[in-house]
Amino acid sequence: MNSAPLGIFDSGVGGLTVVRAVQELLPAENILYLGDTARLPYGSKSPETIRQFADEDVRFLISKGVKAVVVACNTATAHALPSLLEKYQIPILGVIEPGVEAALASPNVQRIGIIATRGTIGSHAYQHALALRKTGLIIHGQATPLLVPLIEENWLDHPATRQILKTYLDPLVEKGIDTLMLACTHYPLLIPVLREILPQDVRLVDSATTCAEHLKRELTRLDLLDTSAREGSLELHLTDLSEEFEALARQFLKKSPGRIQRAILGG
Ligand code: DGL
């Protein structure tokens, strides 16, 4: 069972930031990744639609024999994780709890900014999870819908991206945030430019690294960790294949994604 693959899914290739973090921390794990590129973006869709899509994504991964599922999409975690946990027996982890834990790990945290898709901000999932764990926090959620297309265009250091980031972030900086949560799987790619734009003392918390750490703890607790010495494999499945997605996958993984297979959901 421990050598069975981990299932990781996202609306597209952004969840590969989580894959990279998992590969770094748990190199022996075999990973089966599903990107629902045919129906991306999830960030602008209704909660009901996201719940249906996430359910189909999980069913696909379970049909492939995965031992656990990581919802590597903030929007899907925000809208669908509770219903997935209710429906399936298999361990399912989202990206919100680990991010919230990491944000609150610093005892001095007081003013938190959250940037994410409209769906994630509108769900208030982060705001509730933070407020439940610590009283007196000042939380500012900022929907940043233009960032995913800019990242997918590889405009990571483009003047337009800097300008848009400044427009989104200046109000948060004016409110004196001490922590900025990057609550979207695409955003870790913006860390270098964010570090330049934001005041030095603003702490960045991204969901990819924190999710991998949380996964390690959970797999250890459930005795599901693959402890073999060999390097694990990575199998990529996308619901829509195009050269663009292949190039993007390389950018997110920072290496060749290998052969990508076309996934057919609902079978
Ligand atoms: N993966 C989504 C998230 O983390 C961003 C892309 C989308 O909107 O589908 O919220």
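Residues numbered from 1 in each chain as written. Predicted model: local features only at pLDDT ≥ 70, side-chain atom pairs only at ≥ 80, totals over all residues. Heavy atoms only, no water.

S.K.: Can you lay out the pairing of strand β3 (residues 68–71) for me, pointing to particular residues and giving the numbers?
M.R.: Going residue by residue along β3, you find A68 and V70 tucked away on one face and V69 and V71 tucked away on the opposite face as well. Bridge analysis of strand β1 (residues 6–10) against β3 gives four bridges, and the strand direction is parallel. The residue of β3 that forms the bridge with G7 is V69. Strand direction decides the pairing type here: β3 and strand β4 (residues 92–93), joined by two bridges, are parallel. Along β4, the bridge assignment pairs V69 with I92. As for the winding sense of the linkage, the β-α-β connection from β3 through helix α3 (residues 74–87) to β4 is right-handed. (Buried < 20%, exposed > 50% of the residue type's maximum accessible area, 1.4 Å probe, protein only. Helix = DSSP H or I, 4+ residues; strand = E, 2+ residues; numbered from the N terminus. Pairing = 2+ DSSP bridges. Right-handed = clockwise from strand over helix to strand, strands pointing away.)

S.K.: So what's going on with the site of the ligand? Which residues, and what values?
M.R.: Around the ligand, the neighbouring residues are D10, S11, P41, Y42, G43, C73, N74, T75, T117, C184, T185 and H186. Within the complex, the protein chains bury 98% of what would otherwise be the 300 Å² of accessible surface of the ligand. When its residues are assigned to classes, the shell around the ligand shows four nonpolar, seven polar and one charged. (Near = heavy atom within 4 Å. Areas by Shrake-Rupley, 256 points an atom, 1.4 Å probe, with all protein chains shown as cover. Nonpolar A, V, L, I, M, F, W, Y, C, P; charged D, E, K, R; others polar.)

S.K.: How would you explain helix α1 (residues 16–25) if you had to name every residue and give the values?
M.R.: Extensive coverage of α1 is indicated by the burial of seven of its 10 residues. The complete set of buried residues in α1 reads L16, T17, V18, V19, A21, V22 and Q23. Buried positions along α1 lie against β1, β2 (31–35), β3, α10 (207–221), β9 (234–238) and α11 (243–253). (Contact = heavy atoms within 4.5 Å.)

S.K.: A description of the pattern of salt bridges should follow, citing residues and the corresponding values.
M.R.: Pairing between side chains of opposite charge can happen when the charged atoms of each approach one another. Going through the model one piece at a time under the given rule, you end up with 13 salt bridges. Where D55 meets R59, a salt bridge forms, and the shortest distance between an N and an O atom there is 3.4 Å. Of the two residues, D55 and R59 both sit in helix α2 (residues 47–63), four residues apart, roughly one turn of that helix. Overall, D55 belongs to the buried group, its relative accessible area being 13%. When the shortest N-O distance is used, the salt bridge between R230 and D226 registers 2.9 Å. Owing to a relative accessible area of 36%, R230 belongs among the partly exposed residues under this scheme. (Salt bridge = Lys/Arg side-chain N within 4 Å of Asp/Glu carboxyl O.)

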